[in-house]
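# Architecture and fold: a report
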Amino acid sequence: MIPLLSKEANIYISEDLKEDIGKLISTFPKDKIFVLTDEGSHKHCLPKIFPVAGISEDNVLVIPQGDKNKNIETLQKVWHFLSHSGADRKSLLINLGGGMPCDLGGFAASTFKRGIQFINVPTTLLAQVDASIGGKTGVNFEGFKNEIGVFNQASAVLIDTSFFDTLDTPNIVSGYAEMIKHALIYSKEAWDKLTDFDIYSFEKEELKSLVANSIMIKNHFVQNDPTEQFLRKALNFGHTFGHAFESFAMHEGKPVLHGYAVAYGMICELYLSHLRLGFKMADVIEISNMLKRIFGIMPITSDDYEELLRLMTHDKKNEDNRINFTLLEDIGEMQVNINASESEVIAAFEFYRDLCENC
Ligand code: GLY
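Residues numbered from 1 in each chain as written. Predicted model: local features only at pLDDT ≥ 70, side-chain atom pairs only at ≥ 80, totals over all residues. Heavy atoms only, no water.

## Focus: the pattern of salt bridges
- Tallying each qualifying case throughout the model produces 15 salt bridges.
- Arg353 is the salt-bridge partner of Glu350, the closest N and O atoms lying 3.7 Å from each other. Note that Glu350 and Arg353 are positioned in helix α14 (residues 342-354) at a spacing of three residues, about one turn of the helix.
- On the basis of relative accessibility, which here comes to 36%, the residue Glu350 falls in the partly exposed class.
- Members of the salt-bridge network, linked through shared partners, are Glu19, Asp20 and Lys23. (Salt bridge = Lys/Arg side-chain N within 4 Å of Asp/Glu carboxyl O. Helix = DSSP H or I, 4+ residues; strand = E, 2+ residues; numbered from the N terminus. Buried < 20%, exposed > 50% of the residue type's maximum accessible area, 1.4 Å probe, protein only.)

## Here's the deal with the site of the ligand
- Asp130, Lys136, Lys218, Glu228, Arg232 and Leu235 make up every residue found near the ligand.
- Between the ligand and Asp130, the relevant distance is 3.1 Å, taken from a nitrogen atom to a side-chain nitrogen or oxygen of the residue.
- For the ligand, an oxygen atom lies 2.8 Å from a polar atom in the side chain of Arg232.
- Here the ligand has 200 Å² of accessible area as a free molecule, and 90% of this is covered by the chains.
- Counted by class, the shell around the ligand contains one nonpolar, no polar and five charged residues. (Near = heavy atom within 4 Å. Polar contact = N/O pair within 3.5 Å; in protein donor to acceptor, adjacent residues only side chain to side chain. Areas by Shrake-Rupley, 256 points an atom, 1.4 Å probe, with all protein chains shown as cover. Nonpolar A, V, L, I, M, F, W, Y, C, P; charged D, E, K, R; others polar.)

## Section: the sheet that holds strand β2 (residues 11-13)
- Across the sheet, seven strands lie side by side as β1-β2-β9-β6-β5-β3-β4; this open sheet has mixed pairing. Of all strands in the sheet, those with a lone pairing partner are β1 (4-6) and β4 (60-63), marking the two edges. Taking each pair of neighbouring strands and ignoring which way they run, the sheet shows an average axis angle of 20°.
- Direction of pairing for strand β3 (residues 33-38) relative to strand β5 (residues 92-97): parallel, over a ladder of five bridges. (Pairing = 2+ DSSP bridges. Axes fitted to C-alpha atoms, helices over the stretch in contact; angles between N-to-C directions.)

## A few points about the state of the cysteines
- All told, the structure shown has zero disulfides when counted by the stated rule.
- Summary of cysteine pairing: Cys102 is not part of a disulfide, and the nearest cysteine sulfur, belonging to Cys45, is at 11 Å.
- On the basis of relative accessible area, Cys102 is assigned to the buried category, the value being 2%. (Disulfide = S-S within 2.5 Å.)

## Topic: the packing of helix α7 (residues 169-186) against helix α8 (residues 188-195)
- As a packed pair, α7 and α8 sit with axes 6 Å apart at the nearest point and diverge in direction by 145°. Considering the relative orientation of α7 and α8, their crossing is left-handed. Contacts from Tyr176, Met179, Ile180, Ala183, Leu184 and Tyr186 in α7 reach Ala190, Trp191 and Leu194 in α8.
- Residue classes in the contact of α7 with α8 are distributed as nine nonpolar, no polar and no charged. (Left-handed = near helix turned anticlockwise from the far one by under 90°. Contact = heavy atoms within 4.5 Å.)

## Points about the packing of aromatic side chains
- In the structure shown here, the tally under the stated rule is 13 aromatic pairs.
- Between the aromatic rings of Tyr176 and Phe197, the centroid separation amounts to 5.7 Å while the plane-to-plane angle is 45°, which identifies the pairing as tilted. Here Phe197 lies in the loop between α8 and α9 (204-224) and Tyr176 lies in helix α7, a separation of 21 residues in the sequence. In this structure, Tyr176 and Phe197 share a single accessibility class: buried.
- Among the aromatic side chains, those forming a connected cluster through ring pairs are Phe241, Phe245, Tyr264, Tyr305, Phe325, Phe349 and Tyr352. (Phe/Tyr/Trp six-rings, centres within 6.5 Å; stacked < 30°, edge-to-face > 60°.)

## Quick look at helix α1 (residues 17-26)
- Taken together, the buried positions of α1 are occupied by Leu17, Asp20, Ile21, Leu24 and Ile25. One side of α1 holds all its buried residues, which, seen down the axis, span an arc of 125°.
- If you follow the buried residues of α1, they end up packed against β2, β3, α3 (46-49), β5, β6 (117-122) and β9 (156-159). (Arc of directions from axis to C-beta.)

## Here we look at the pairing of β3
- With six of its six residues buried, β3 lies for the most part within the structure.
- What you see with β3 is no split at all: Ile33, Val35 and Thr37 on one side and Phe34, Leu36 and Asp38 on the other are buried throughout.
- In the sheet, β3 pairs with β4 via four bridges, with the strands oriented parallel. Bridging across to β4, Leu36 finds its partner in Leu61.

## Comments concerning the side chain of Asp130
- As for its position among the elements, Asp130 is in helix α6 (residues 125-131).
- When neighbours within four sequence positions are excluded, Asp130 is seen to be in contact with Glu178, Lys181 and Lys218.

And the structure:
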């Protein structure tokens, strides 16, 4: 039996993956079923679901791992594979892995023969609470993250927290950043639950319950605004600075995991929240120190501001050439579409650098 977390979004929490995936795919009208997975998930996660009745090993495509491979070349390989393996419009694609296979596979499915159905089976904490939910699909392009893509909801999402046994600590910690973000934008109650929790030494059942809570928060914003016209922008908290940190680190050849970049982005955007919306400075300091304890600090210098600003100016969330932020008035009280001046953005970088003794 699979407990249903969201009826609208077909999000299920699995207790027995092998059995549940079989049950789930039996509910889809399809001829052929394909699995897209990356190298790491192929090795560590596919054995948790295989063999499954109705899926041939020949229909499994393994793509190279990592965000640097979330590009047009890999996408082409997926289209090629589907096309040469006889996929048609009734075929079903299962994306097994972290955010990268879910985003890229979702986009490949959404565009192949004008769209086939896909199911996400996210294997990382980050993908379970964020990337696999909400229908953002796409690839990176010319150095910009998720530059090409479409909104298209997965037909179902199957969550199994036992995949966390396959993750190293940085990947668990990275996913936790999105859970922190969800709590901060949603409610004091959700936030209080996280402040009592230690991601470096957690109890599995407790994490599972927090994951379910986090998915429900994400789904609340997605269901109310699937194509990010207004309310869903709440989920971008920490991401305007965060994406710039992430792209910057990638260009420097010192990539950081997405959640770490979002955590650094949240520190800057908490400070901006103070400047623009009066978010209490005592809370900015307390939460920033908590984020620093969990995620450390990526060093930047004042020479890097120009490039970081350039990356932020390109962010696809901007409108009318203005840098757009989601900021907080208080925990659980956010405002979207807030602009800030260049000097305010630089003041946020300075606050961030003050947290870092050696930057
Ligand atoms: N990761 C933010 C969103 O899905 O809207």
